[in-house]
Amino acid sequence: MQEFYNHQEIEQQTQHYWDEKQLYRITENLSKEKFYCLAMFPYPSGHLHVGHVRNYTLGDVIARYQHLKGKNVMQPIGWDAFGLPAENAAIKHNVPPAEWTYKNIDHMREQLKQLGFAYDWSREFTTCQPEYYRWEQWLFTRLVEKGLAYKKNAVVNWDPVDKTVLANEQVVDGRGWRSGALVERKEIPQWFIKITAYADELLDGLDTLEGWPEQVRTMQRNWIGRSEGLQITFPVADAAPLQVFTTRPDTLFGVSYLAIAPQHPLALASAQNNPALQKFIEECKNIEVSESALATLEKRGVNTGLTATHPLTNEEVPIWCANFVVMDYGTGAVMSVPAHDQRDFEFAQHYDLPLKPVLSANSAWDYTKTAYTERSPLINSAEFDGLAFDAAFEAIATALENKQLAERQINYRLRDWGVSRQRYWGAPIPIIYCDACGTVPVPAADLPVRLPEDVTLDGVNSPLKEIPEFYHTQCPTCGAAATRETDTFDTFMESSWYYARFASYDQNSSMLDDRAKYWTPVDQYIGGIEHAVMHLLYARFLHKLMRDEGLVQTDEPFINLLTQGMVLKDGTKMSKSKGNTVDPKLLIEKYGADTLRLFSIFTAPPEQSLEWSDSGVEGSYKFLKRLWAFSVKHQTQICSINAADRSYVNWKEQSSELQTYRRELYQILQQATFDIERLQLNTVVSAAMKLFNLLVELSHHQAKLPASEAPFVQQPVARLLNKMLVVLLRILYPITPHITTRLWKDLGYAGKMHDAYWPKMANDALDIDSINIIVQVNGKVRSKISVPAEASEDDIKALALADEKALKFIAQNTVRKVIYIPSKLINIVVSA
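The paragraphs below set out a description of the structure included in this document. (Residues numbered from 1 in each chain as written. Predicted model: local features only at pLDDT ≥ 70, side-chain atom pairs only at ≥ 80, totals over all residues. Heavy atoms only, no water.)

1. Some words on the pattern of salt bridges
(1) Moving on: Here the structure, examined in full by the defined rule, presents 40 salt bridges.
(2) Moving on: R300 is the partner of E283 in a salt bridge, and the nearest nitrogen-oxygen pair spans 3.2 Å. Here E283, found in helix α9 (residues 275–283), pairs with R300, found in the loop between α10 (291–296) and β11 (301–309); they are 17 residues apart in sequence, far enough to count as distant. (Salt bridge = Lys/Arg side-chain N within 4 Å of Asp/Glu carboxyl O. Helix = DSSP H or I, 4+ residues; strand = E, 2+ residues; numbered from the N terminus.)

Written as structure tokens, this is what we have:
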């Protein structure tokens, strides 16, 4: 062995060996339990930063650990390559997005390989490759045929600079998340997939995902937003009646106005003769409609001049157009009860609209300050007075049903998934428009609809609209001249089924094959909590669509989910936009990949944020150098033991000190195993460091043994030292695979590190004949006694009180109290 730790040579040679032997190329093996480990695949932005390193290291540690447990482990990698960032970068650098993307992938692939991740690179694919997106195009055509995909006009968030639709989450303070432009509300034709048809299954399925963080499941429940209520009809003179959904029919008698969305047909019709309303509707085109934005929005509106008839009292109720009502949610109209809804209250206060309390509140409740929103018995509600919520719900529902002015409904906050994007760099939507035949899905035999890659972008319009060779085609039904759809898929389409394609990566005749049924669901998925709703919900949805096509056989795509924390620098999230990233390449050159991996795992629990620390990286490097130096020092002895016959050692015949060392070894192993199983990986590193310190301590003990006793005593000590080291290497291997692989070989351990197993507990390892108890007098340590493991508390107290060292400090004092902490210490409280 080299005297000093040369991380560059060790890591390069080890990685070359892995590649040469193709150790991580995996096939299906029914004789082993499978384990599919997957970290959310990267967007090829050009360079990895240490945030990426942490995410992918977590996945690699889990995958390598499961391999040590004897499982057939697959850990693939690919590239989420479509999307607006590549298009914007291509415009900036004046190159086609494909060229920019593939160049970045080449660079990032080398970075990932430098980090020593156990990927099956044979399964690598890029989502912008036609061989990949062909199959989501095929699935989409199947959904069109089933009526699960459709096109309609929809009001969307339109970014006038990026020229594309934005999800509500991509609108920040009324502006596009990338361009910063004021977002407009615009009605355009859009393709949708009917995720609402699976709303109940998506909601109920969350109860089965016990391996997911509760926070993520709660976020998805809230996003789906199932609610039971009534759809109530409010007749409107000379117009269609207003349909209003409410979960609080018990407050019906408290309605003082109705509010409709600016895009509601009734509002648009009224605006024709109402300039103030027309101006207001125009102003509302640019407001942000996410729930968080609406919650803090200044509530504004215009009276339409119309009234509706209250379905039970027959009173006339004014109809207002309000900016806090969104056409996409419910019916685009709400019944407003300002006495019992804070949003309605704020609006009513602003426009001096009446409050009608109909719920019994504390007599001191001040309705001039806030709404009363608790459930309580009804007042001011005619024959329904005194009824509690459930009874009131039922009675009012029945009364309205008898008048045919209501029906019970279950509503969802969830809306169908709009998958159209008006940009270029995405998978083409496989639809043809024919004057005679209408909307025609592209036949499977004609797929993929290839995206032209050699294009020039002007930064404004999609070049697909200007490439006749792309959009001019023939109708597959009648043969007449026709045009292609020039919208492309939302990039969530690619990232919502990639995990399954890794299992059937080279299948050219179908979307998936039986290998997907072997590998799915993913056993462990790793990624940021920012993907808790959109990506994970869409992936769950597409999995169910693929299941219904017979492509997979489970209901959910991911059994366990780990949402890792961010990497912070000076308290701020590390990102290129903030200019505070740290280049892994420089760190790998200076300290090695193992050091970077060790630091990223050790510094914080996986689910918590990690604060970047240069000194922390240096500390991790020093630990690996100490491990290397120790191994060099003891190489001859360790190799000799590994080459010799393994004679049986009766540990019960060894000294109590040696037995204690052995017991501590297995206590550390037990804790490390417990922690790695629950993915508390930072404490696995702590256990490894504790074991290394114990190893050093044992080596010092060995060095102090008298030479004359060496033949009789030293062999068990050396065997135990060897055992500690072999356990340490296997605990560290998932985290620092390069140095441990080299040490395994250089120290003469049998077989390959890759083929080793996670260390097992010895049956008698934790058996204890006696335990050591610290003795304190008035809180200060004065002695330590050894007592039988089965000794009672009274016996232990008696032994402590009789201990010679302790007696010196008790002297003539009076013992006031004896406090015993089981298996740890006794504190004797005395006073003069």
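After that view of the structure, there is still more to cover.
2. Quick notes on helix α18 (residues 584–591)
(1) Moving on: Turning to α18, its buried residues number three or more, namely P584, L587, I588 and Y591. Around the axis of α18, the buried residues are gathered within 100° of arc, so they sit on the same side. Across α18 from its buried face, at more than 90 degrees, point the exposed residues L586 and K590.
(2) Moving on: Where the residues of α18 are buried, they touch α1 (7–21), α2 (50–68), α4 (97–114), α19 (593–602) and α20 (614–633).
(3) Moving on: Two residues or fewer after α18 comes G592, characterised by a positive phi angle close to 100°. (Buried < 20%, exposed > 50% of the residue type's maximum accessible area, 1.4 Å probe, protein only. Arc of directions from axis to C-beta. Contact = heavy atoms within 4.5 Å.)

3. Here we look at the nonpolar core
(1) Moving on: Formed by 99 residues in total, the largest nonpolar core has its most connected members in L112, W612, L691, M724, L725, L728 and I731.
(2) Moving on: If one sorts the elements of this core by residue count, helix α23 (residues 681–703) sits on top with 12 residues.
(3) Moving on: Among the nonpolar cores identified, the runner-up in size contains 92 residues, and L139, V442, F489 and L542 belong to it. (Core = buried A, V, L, I, M, F, W, Y, C linked by side-chain atoms within 4.5 Å.)

4. Comments concerning the layout of surface pockets
(1) Moving on: What the second largest pocket holds in volume is close to 1100 Å³.
(2) Moving on: Forming the boundary of the second largest pocket are 33 residues, of which F245, Y329, V334, D341 and R343 lie nearest the centre.
(3) Moving on: Contributions of two or more residues to the lining of the second largest pocket are made by β9 (239–246), α10, β13 (333–336), α11 (342–351) and β14 (406–412).
(4) Moving on: No other element matches α11, which puts four residues into the lining of the second largest pocket. (1 Å grid on protein atoms, 1.4 Å probe; cavity = no way out; pocket = protein on both sides within 12 Å on 5 of 7 lines; lining within 4 Å. Points joined across faces, edges and corners; volume = space filled by probe spheres on them.)

5. Some points on the sheet that holds strand β15 (residues 417–418)
(1) Moving on: Pairing within the open sheet is antiparallel, and its four strands lie in the order β4-β3-β7-β15. Both outer strands of the open sheet, β4 (164–166) and β15, are each paired with one neighbouring strand and no more.
(2) Moving on: Strand direction decides the pairing type here: strand β3 (residues 149–159) and strand β7 (residues 184–193), joined by 10 bridges, are antiparallel. Across the sheet, the residue bridging to K151 is W191, located in β7. (Pairing = 2+ DSSP bridges.)

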